[in-house]
Amino acid sequence: MEWLQNDREAYKMAWLNHRQLARSCLDLDVMSHSPGWAQTQPTDNHVICKLNHEGGSVQLPNSDITVHIPKGHVSFGEFQEIGLRAILNPPESLNHDLSSTVSPLIELTLSNLNTMEDILLEMKIAAEVKKDPFSQVMTEIMCFYSLSKDGPFVKLHDSYIYKDTIQVKLTDLSHVIYIVVAVQINPIQSLATSVWEYIHRTLSIGIYGPKHIHPSFTVVFTVFSHNYIPEKLTVCDIKKGAKSMPPVVFQLWGKHTFLLDKPQDLSVSLISCDPDFEVKVEDQRKEIKEAQLKAGEVVHQQFPFYVLGTMEMHVFTFLVQIEVPNHLVTQFHITTPDPTPKLTGMPSKPNRLQKRKEIKSAPFLLTPTVKYPKFQDKTLNITSYGVALKTVLRQNKIAYLLEYFKGDTIALLGEDKVKAIGQTKLKEWYVGVLRRKVGLVHCKNVKVILKEQAMDITDSVLATRNLLEQITLPFKKLTYIYSLVLSTVSEKVYNWKALADVLGYSHMSLDDFSEVPTDKESERVGYVVKKLKEDCHANRHKRHFLYELIVALLKLDCQGLVARITQDTVLLTSAVKLGKCWRELAERLARLTKQQMEAYEVPHRGRSGEVTLEMMWKPAYDFLYTWGAHYGDSYRDVLQDLQLALDKMKNPVTKQWRELTGVLILVNCLEVLRANAFSKMKEE
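Residues numbered from 1 in each chain as written. Predicted model: local features only at pLDDT ≥ 70, side-chain atom pairs only at ≥ 80, totals over all residues. Heavy atoms only, no water.

Quick look at helix H10 (residues 559-578) now. Between its first and last C-alpha atoms H10 spans 28 Å; for 20 residues at 1.5 Å apiece the expected length is 28 Å, and the two agree. In terms of burial, H10 is largely enclosed, as 16 of its 20 residues are buried. Within two residues after H10, Gly579 carries a phi angle of roughly 60 degrees, on the positive side. (Helix = DSSP H or I, 4+ residues; strand = E, 2+ residues; numbered from the N terminus. Expected span 1.5 Å × (residues − 1). Buried < 20%, exposed > 50% of the residue type's maximum accessible area, 1.4 Å probe, protein only.)

We now examine helix H9 (residues 545-555). Most of H9 is tucked away: ten of the eleven residues are buried. Residues of H9 that are buried: Phe545, Leu546, Tyr547, Glu548, Leu549, Ile550, Val551, Ala552, Leu553 and Leu554. Where H9 is buried, its residues meet helix H5 (464-471), helix H6 (482-492), helix H7 (496-502), helix H8 (521-538), H10 and helix H15 (659-677). Remark: Asp557 follows H9 within two positions and exhibits a positive phi of approximately 65 degrees. (Contact = heavy atoms within 4.5 Å.)

Attention now moves to the sheet that holds strand E12 (residues 165-170). Within the open sheet, the five strands sit side by side as E2-E3-E7-E12-E11. Their pairing is antiparallel. Strand pairing shows two members of the sheet lacking a second neighbour, strand E2 (56-59) and strand E11 (159-162), which therefore form its edges. This sheet shows a mean twist of 15 degrees between the axes of neighbouring strands, independent of strand direction. (Pairing = 2+ DSSP bridges. Axes fitted to C-alpha atoms, helices over the stretch in contact; angles between N-to-C directions.)

With that out of the way, let us pick up the pattern of salt bridges. On inspection of all chains with the given rule, the structure shows 21 salt bridges. Here Lys131 makes a salt bridge to Glu128, at a shortest N to O gap of 3.4 Å. By relative accessible area, which is 33% here, Glu128 ends up partly exposed. Each of Asp97, Glu290 and Lys294 takes part in a single network of salt bridges with overlapping partners. (Salt bridge = Lys/Arg side-chain N within 4 Å of Asp/Glu carboxyl O.)

This next bit is on the nonpolar core. Among the nonpolar cores identified, the biggest contains 106 residues, and Leu413, Val489, Leu499, Leu553, Phe623 and Leu642 are the most heavily contacted of them. With eleven residues, H15 is the single largest residue contributor to this core. What Leu642 contacts, discounting residues up to four positions off in sequence, is Val570, Leu571, Ser574, Leu585, Leu589, Leu624, Trp627 and Leu660. In this structure, Leu60, Ile179, Leu233 and Ile334 belong to the second largest nonpolar core, which totals 81 residues. (Core = buried A, V, L, I, M, F, W, Y, C linked by side-chain atoms within 4.5 Å.)

A few words now on the pairing of strand E28 (residues 418-421). Summarising the sheet, E28 and strand E29 (residues 426-434) pair through four bridges and their orientation is antiparallel. Residue Ile421 lies in a different strand from E29, and its bridge partner there is Leu426. Hairpin remark: E28 followed by E29, antiparallel, with four residues in the connecting loop.

Our next topic: the packing of H9 against H10. Interhelical geometry of H9 versus H10 gives an angle of 155 degrees and a closest axis separation of 9 Å. Taken as axis vectors, H9 and H10 run roughly antiparallel relative to one another. As H9 runs across H10, the sense of the crossing is left-handed. Judged by residue contacts, Leu546, Ile550, Leu553 and Leu554 of H9 engage Gln559, Leu561, Val562, Ile565 and Thr569 from H10. For the contact of H9 with H10, the residue count by class is seven nonpolar, two polar and no charged. (Parallel < 35°, antiparallel > 145°, perpendicular 65-115°, else oblique. Left-handed = near helix turned anticlockwise from the far one by under 90°. Nonpolar A, V, L, I, M, F, W, Y, C, P; charged D, E, K, R; others polar.)

The structure is reproduced here in structure tokens:
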């Protein structure tokens, strides 16, 4: 961007944002293996509201925590922006034998300190003083505030308690205030060793899990020392086998509250009520220590569930039991959510790959090394042509669309039609060649003839090398995930030397791998790909990594591998291009409801409760990835249907972004390229 050139700080922030976008893509491929682990964005229990002089109330969603702003709090014409956040773990200084917090730590932020009226905070608490006179005298429920999350905390005297609800008036305001409620006893007069002896203490249990159940999933049992149980919980110490996972956002499946007489060790068990599911015996029982309850911190235990055999996934119920030594404290049942749903509105058309000769690719053979066919640069053998019925010259040139004069003979690369937007309307096109340029020609503007009927074909001649270089041009402008491309190519190319030769590294030998652990062929292939990446990065103004790699793979006749990379990069690039407009596309492609769209956005919301514009590509990509998976191997259907849906949007991005049209030209030319660039070999 020109405006960044003279602003170093702005350039730095733009670069960092772009880098964050690229790095955050790295594990998206995990979704294809275990969708329950795909939601890795942390959530925050936070709300922001802007009020004028009329005042109002701000409530933390799904909670009993509310801030009341009286009328006249700020002057007419001024505004107060209020932020309300619940921090689940309370301050350590207020949790010991003589004190126990009974609410989350509330963070209140104010934008305007020019106020004329006080603020009232109201919330429910997780304790009640016992009714006997001694407890009433010795124990007090108090509200504390601080300007720092870690304290020190000062007692607020202007508060009122009715049953399990406390109201406190905030008079000494600051831009950031921290408030928490604790119950304490008089340390001088009391003979008790714990504040728990004078109160009825309520503990809250939250049972969390993935949004949809899968053959293997984790249930998180969570204990809260207050009444606030968030709808979503971020867990940072998840392990899958011996591998640590990124922070995972779990959904609330159910909750339960119970009274506990005193802090003591608790034993927690989760038992499946359905024979099709189980928790392994060694994982069925977990312990929660007395010290953890005294500290008031959020405690969670993980219970991995598994489906037995190949049973079909379905909703089931499991039993939760909480025990102390020789005594059952409480038990309750939880019903799981549904398995991963299938998208509605999916097309039920036959797979194009079933209607034509299957695209076979050497990289998908199971042999450890493969002898790849040699790419031959020779003139294309064209069997059908089209004669232009009118002259088409555009004042504003459009990428990938041919221009021609009436009477021109255009070579047609196959009889398949591409559906895409032209200047303004959606049309059907042939892929053609004219004056050494590959592009689209409107079907209605040509009369199809046989090779024998063509009078002059000199303008329609093209070599296989030129065809290859032109149909891969879109890859110069597509967004890709380098780590995913690297791993895919390393796994599916079985001859490093063949790849090195077509990339221009014919001088490479095994001696070049002396400093790299290359015991496997895949490691050598990965080394070659990394070498290409480094060289392209060093000369990034003239070279393009993905473009050169795709050209090389097609020279090895790895069309299946190219198809896979093509679909991945197109879906990612489309998501980035769409941004906030992805909802319109989702409605057109799969008829998603508003609730289904919100479900895609929830894992990516920031502190404001909204998905930032820079991160809007994430829910877009999650949707497109899921949608594309329903097509199986029919990547051509995925690309064509995506093109049609984008073209039909109110403001089509494809009017300016034509690379998807270029990709459709590529996939429609693959059979012609293979038939002409490689010698026909007997199939084994």
